[in-house]
Structure formats: C-alpha cells, structure tokens
Amino acid sequence: MHVGLILPIGDEQEPGVPRGYPGIRDLAVRAEAQGLDSIWVYDHLVGDSTDDGAGSPWEAWTMLTALAEATSTVRLGALVLCTAFRPPGVLARMADTLQEVSGGRLVLGLGAGWHEPEFQAFDLPFDHRVGRFDEALQIITTMLRTGRATFGGEYHRVQDAPVRDRPDRPVPPVLVAGVRPRMLGLAAQYADLWNLAWFGLPGDRFRQANAALDQACRDVDRDPATLARTAGVQVAAPTAANAEEKPERLIRGDVDDVAAAFAAWEAEGVSELICSPDPADADSVTLIADACARYRENAGRTTDAPARAR
C-alpha cells in the first residue's frame, strides 16, 4: 500500500506550520526524502469565506507544477481538482503538460466541487454540478487517453481538441472522489482510482461506500478489482492540540499506533492512504514516514517505496 501526504497550501495558522511556498516546498522535499510515495494538494479558491483573503489557499495547479520541479520521485496529485474551475479541454492540456514536466508522476484527481462561496466569488455556475462534471470527465479522459476529443454536451463543447501528439504518451491515472450514487457511477465508468475521505480507522462508512462502488462497477460491466481504492485519513501525534478525538475520524498516536492503523487500511483493500497531518509540520511528516516504514517492516516488506502505480 502506498502512503502519501497532503500539503498545507492554505497558509494554516497553527504554530510551526510552514507558510508560503518555501515552507511548503520544504515539507514536500522532506516527505520524498523520508520515503513517502506521493504528495497532494487541495483545490479551493477561497477559504471558509470570501472575507478571509489571507486564508485563501494558494492556487493548486501552480503549486503542483512548482512541486514537480522541486521533487523527483514522489507522485503528485490533487485531492481533488474542481473541474468547474478550468475548462475541461484546457485542464486536459494542463495535465498532459505536467506529465511531461514531472516525468510521468501525475495522478489527476477530479471532483465536482462543493464549496458554494468560491463559486459565487468567481461567478462559476453552481447548478447541475454532477451533470457538468460528467461532461468534463468525458472530455478530459478522452483527450488524455486517445489524444483528442470532439464532444457536444449541454454544458461543455470541444471540437477536435488535441493534447500534444507524441509517441508513448504517459497517460496520467484519473482519480474520482465521491460517495453519492451518480459519482460512484462516474468513477466506475471513467476512473483508474477512487477516493473517499476523511477517516481515522476504517469502519462502516467506508465499507458501505466501497461495497456500493463494487456494485456501480458491476452495473457498467466492469470488474471492481480494476478500480483501485484510496482513502484520505487524518493523522495526529499524541500531543496535537484541538485534534478530533473520535478514532473513526482521526488516527492519533505514536509510530506503532499509526503503523497499526495503516495495516488496518491495507486489510480493507486500499491501495493508497493520503494522510492529512495535524499539525502539518515537519514532525508530523516524520511521524507518518516512520509509521509507514514500521508498517512495511511489520508486514515483512522492504522499507523501500513500493513500485509506482500506473
């Protein structure tokens, strides 16, 4: 099982959490050096409200592109890019280019968006979000997997829109996040990976959604085993202040505790955990990396990073 790290691109206010790109870059480099498999950003245009300009996250794609140059082995992903923020054909071009820049390390996480204030602030349509996402997903996956797309839908249109023509195109795996029936159906149709977040230890909420995804795959005549499952988990050191106490919402503990939680997720058939640390500082990165190494040692595996997923 792969283990990755969500980076704090929102300039979080907790003491010790890095602010600005230099600190975020340092955490990414540390995560890579300590053996984690992937680094992730999130995609929001505003924070809790438009009143807090200083709390608005940095733009996700620009940050991800910079981190591609700052690192060399970790996979790079977004959990998840909102397809409403960028025209889908343009986003496919951006993804194809970042595959080139990163040497094929992109995981293209996609979602429909949910935070209405950012849609209002930037005059983006908030209606029919899943319908719009469905059309965007068709355009993006067709362009990336076949080289170009022509599509005329209710919300999006492209005409013979290409990505760069080159042999042996490294197609980025597409991750779709969601739990409602229509989103599960779209994941079953188009995705290479599926994600659900946020958790501590695995429980009924994940298992029920995972079973529903199995059925969604069967409904479109797809083998459920061909759709990789990922989960977002929250991880806190024992001394973390103001952290959620419920074990189903947070993994809290020392290296052995976190390693045991990782093993429990692997037993659920999860291929990757994406860890949100509390606080998002260097010590938390070390805790997650050490727990990852311990979990692999306990399972009798090498502590080297596993083979990269396609």
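None of these values were measured; they are calculated from a predicted model. (Residues numbered from 1 in each chain as written. Predicted model: local features only at pLDDT ≥ 70, side-chain atom pairs only at ≥ 80, totals over all residues. Heavy atoms only, no water.)

J.: Before we go on, may I ask you to explain the pattern of salt bridges in this structure?
T.: If charged atoms from side chains of opposite charge come close, those side chains can pair. All told, the structure shown has 12 salt bridges when counted by the stated rule. Aspartate 192 is paired through a salt bridge with arginine 145; the nearest N and O atoms lie 3.2 Å apart. Of this pair, aspartate 192 sits in the loop between α6 (181-190) and β9 (193-199) while arginine 145 sits in helix α5 (residues 129-146), and the two are 47 residues apart along the sequence. A salt bridge links glutamate 297 to arginine 294, with the shortest nitrogen-to-oxygen separation between them at 3.9 Å. Of the two residues, glutamate 297 and arginine 294 both sit in helix α9 (residues 282-298), 3 residues apart, roughly one turn of that helix. You can call glutamate 297 partly exposed: its relative accessible area is 44%. A relative accessible area of 30% means that arginine 294 is categorised as partly exposed. (Salt bridge = Lys/Arg side-chain N within 4 Å of Asp/Glu carboxyl O. Helix = DSSP H or I, 4+ residues; strand = E, 2+ residues; numbered from the N terminus. Buried < 20%, exposed > 50% of the residue type's maximum accessible area, 1.4 Å probe, protein only.)

J.: Hey, could you run me through the state of the cysteines in this one?
T.: Note on terminology: a disulfide is the covalent bond linking the sulfur atoms of two cysteines. A complete count under the given rule lists 0 disulfides for this structure. In this model cysteine 292 remains outside any disulfide bridge; the closest cysteine sulfur is found in cysteine 275, 8.2 Å from its own. In this structure cysteine 292 comes out as buried when scored by relative accessible area, which is 2%. (Disulfide = S-S within 2.5 Å.)

J.: For this particular structure, what's the right way to read the packing of aromatic side chains?
T.: Each aromatic ring pair is specified by the distance between its two centres and by the angle formed by the two planes. On inspection of all chains with the given rule, the structure shows 7 aromatic pairs. On the basis of an interplanar angle of 75° and a centroid distance of 5.0 Å, the ring pair of phenylalanine 119 and phenylalanine 126 is categorised as edge-to-face. Judged by its relative accessible area of 1%, phenylalanine 119 is buried. Taking 6.0 Å as the distance between ring centres and 35° as the angle between the ring planes, the aromatic pair formed by tryptophan 194 and phenylalanine 206 counts as tilted. Of this pair, tryptophan 194 sits in strand β9 while phenylalanine 206 is found in helix α7 (residues 204-219), placing the two residues 12 residues apart along the sequence. With a relative accessible area of 0%, phenylalanine 206 lands in the buried category. (Phe/Tyr/Trp six-rings, centres within 6.5 Å; stacked < 30°, edge-to-face > 60°.)

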